[in-house]
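Topology and contacts: notes
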Amino acid sequence: MRRRLREKGNAFVIPAIFWVLTFTIFPLVYSFRVSLSKVLYGKLVGFAGASNYLRMFGDYRFWGTLRFTLVLVLISVCATTAIGLGLAIVFNRKMKGLRAFRSILTMPLFTAPVALGYLGVMMFYEENGPINVLLKYLGMGKVPWLSHPLWATLAICLVDIWQWTPFAFIILLAGLQSISDEIYEAAVIDTSSGWAVFRHITLPLLSPVLGTVIMLRMVDAFKAFDIPFSLTSGGPGTATRTLTFYIYTQGLRNFDLGYASAMAYFLLAITMIIGLLFFRRYRELYE
Amino acid sequence: MRRRRKGSVVTEILTWVVVVIAILWVLFPFYWTVITSFKKPADVFRLSSIPWLQFTPTLSNWQTEFTQRGPEILRGITNSIIIAVFASLIAVALGTLAGYGLARYKYVKWRNQSMAFWFLSQRFLPPAATVIPFFLLMKSLGLLDTRVALILVNTTFAMPFAVLIMKDMFRELPVELEEAALVDGCSRWEAFLRIALPLAAPALVATVIICFSFAWNEFLFALVLTYKKATPMTIIIAGTEHTQGVQFWYVSTRLLLAILPPTLLALTVQRYIVRGLTMGAVKG
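We now turn to the structure provided with this report. (Residues numbered from 1 in each chain as written. Chains lettered and ligands numbered in written order. Predicted model: local features only at pLDDT ≥ 70, side-chain atom pairs only at ≥ 80, totals over all residues. Heavy atoms only, no water.)

Turning our attention to the overall build of chain B. When helices and strands are counted, chain B shows 14 helices and zero strands. Moving toward the C terminus, one meets the helices and strands of chain B in the order α-α-α-α-α-α-α-α-α-α-α-α-α-α. Against the globule reference of 19 Å for 284 residues, chain B gives a C-alpha radius of gyration of 24 Å, more extended than a compact globule. A total of 284 residues make up chain B; the buried ones form 58% of that total. When contacts within chain B are restricted to residue pairs at least 6 apart in sequence, long-range pairs at least 24 apart make up 72% of them. On chain B, roughly 11800 Å² of surface is accessible, and the fraction owed to carbon and sulfur atoms is 70%. Counting 27 positive and 14 negative side-chain charges, chain B places the centres of these two groups 6 Å from one another. (Helix = DSSP H or I, 4+ residues; strand = E, 2+ residues; numbered from the N terminus. Rg over C-alpha atoms; globule rule 2.2 N^0.38 Å. Buried < 20%, exposed > 50% of the residue type's maximum accessible area, 1.4 Å probe, protein only. Contact = heavy atoms within 4.5 Å. Areas by Shrake-Rupley, 256 points an atom, 1.4 Å probe, with all protein chains shown as cover. Lys, Arg positive; Asp, Glu negative; His and termini not counted. Charge placed at Lys NZ, Arg CZ, Asp CG, Glu CD.)

Following this line, the structure appears as structure tokens:
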């Protein structure tokens, strides 16, 4: 049927396309113009060439935020994918009652990240917060979660991991469940080692889904803003500011719009590269 | 699973240990927020975790919140509901149309695949890239601090998602029913409204719920585009900590009000969650 209808379908798709074009492409084009302009008091006052882009290279604060963003991406993507995969394997067993628990595990995904940051302030509170008390029972001293740069980084990663592990978990579980039982039955005849089955059967069959998870997680981690904003306000000092955080501060607190737009384009370039890799691999899924 | 046959009792016990740890890990922060909201300030800093045994629960935080800051919270909740409801409804309405078009028609000028790709590429667009031009746009339109501005933004974020999910859903419906309706003299539009749409209703509701949750949780644009009249719940909780220091007992009541609606709603859409999160890249 789809093949027969070549005409009159436009009315269905045009409203949505028009809407998204208006509110994403137009702002992006405008923001590109801003990134090439000199901006004073929120007004474009002249052409600045590439100077806003070149400014990034000499700005140590930019490099600091970029480094923190990369650390967050690396830790969060690795940890969420690894823990998510482990949990998915456990939940893939056919046992009664697991389904209900599976639903509970997806709850963090729908919790507002900014709320989670404030929740983190309670959990990581240094004087008698629940986490530090637990660590005291385990024989550790008071951990300066929010006042020491390294610990603050870890705290943000932990909250991010708490929120996004279910994402990897639920998608990888769907991937595992789509692998048919016969393949395993055949494999078990050949080898008795669970590890060998996992390494040579499960992992290769799961790899497209694993790739999807890793790429989507990377994009989301690069976009991080809410949790550092609410948990540490980017501090102590500026130790935990992400790229988005710095763009927000420069553009909408200091109104250095040109420079902020240039950095926004830098971030856009990163996520678009990930996007291109994604499309290259998964072209056939969207025919 | 097949590997269960060997040493199945040990494996089963280990499985449940992992499950219990995972559940505790997920639920503990929620539990902590709930009990903190029922604690007297003195109990908050004297670490105690079991109500009635270690501390006496009190309703006073909730009462104070609703009497002293009632109007502000009410405004936040109202704004959040209005923004999320309108954004999700508009996104799903237009998204359903486009999804149906992509599933049932063959487009020649822009191929179906290119359009699907283009919608999906929005998933890779960082909000930071559009927040500055959006701010300038809303400023020049005089829409700063209005719910309209946030409805526009959140609809834009939710739309590609709705398009792709609904496209998949319609593609899975049998075409024959609609073809039969066409033969019986229905127009294309009637076939869509009377046959396809009712069949896709469960997916439609799930998509609305997921879009609603994302719009409810949105923070960056709310922070930039609103400051008083139109602030949603995510901004109301952000305001509290800075002005009042560490009054966890009040923070927790507001956190719960902000967290619970989308979290509980999402429990009803488990079947669609995997598609929802990957925009159809993985079928769940």
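Having put the structure on the table, let's press on.
Bringing the packing of helix 4 (residues 70–104) of chain B against helix 9 (residues 188–199) of chain B into the picture now. Residues and elements named next belong to chain B. At a closest axis distance of 12 Å, the pairing of helix 4 and helix 9 adopts a crossing angle of 105°. On the basis of the axis angle, helix 4 is roughly perpendicular to helix 9. On helix 9, the residues touching T96, L97, Y100 and R104 of helix 4 are R188, W189, F192, A196 and L197. Grouping the constituent residues of the contact of helix 4 with helix 9 by class yields six nonpolar, one polar and two charged. (Axes fitted to C-alpha atoms, helices over the stretch in contact; angles between N-to-C directions. Parallel < 35°, antiparallel > 145°, perpendicular 65-115°, else oblique. Nonpolar A, V, L, I, M, F, W, Y, C, P; charged D, E, K, R; others polar.)

Attention shifts here to the interface of chain A and chain B. Each partner contributes residues to the interface: chain A has 104 residues there, and chain B has 112 residues. Summed over both partners, the interface of chain A with chain B buries about 10400 Å², with 77% contributed by carbon and sulfur atoms. If you look at where chain A meets chain B, you find one salt bridge. With a shortest N-O distance of 3.1 Å, B:R123 and A:D220 are connected by a salt bridge. The tally of links from chain A across to chain B stands at 11 residue pairs in polar contact (both at pLDDT 80 or more). If one sorts the elements of the side of chain A that touches chain B by residue count, helix 1 (residues 10–35) of chain A sits on top with 18 residues. Split by residue class, the side of chain A that touches chain B holds 68 nonpolar, 20 polar and 16 charged. (Buried area = accessible area lost by both parts, 1.4 Å probe. Salt bridge = Lys/Arg side-chain N within 4 Å of Asp/Glu carboxyl O. Polar contact = N/O pair within 3.5 Å; in protein donor to acceptor, adjacent residues only side chain to side chain.)

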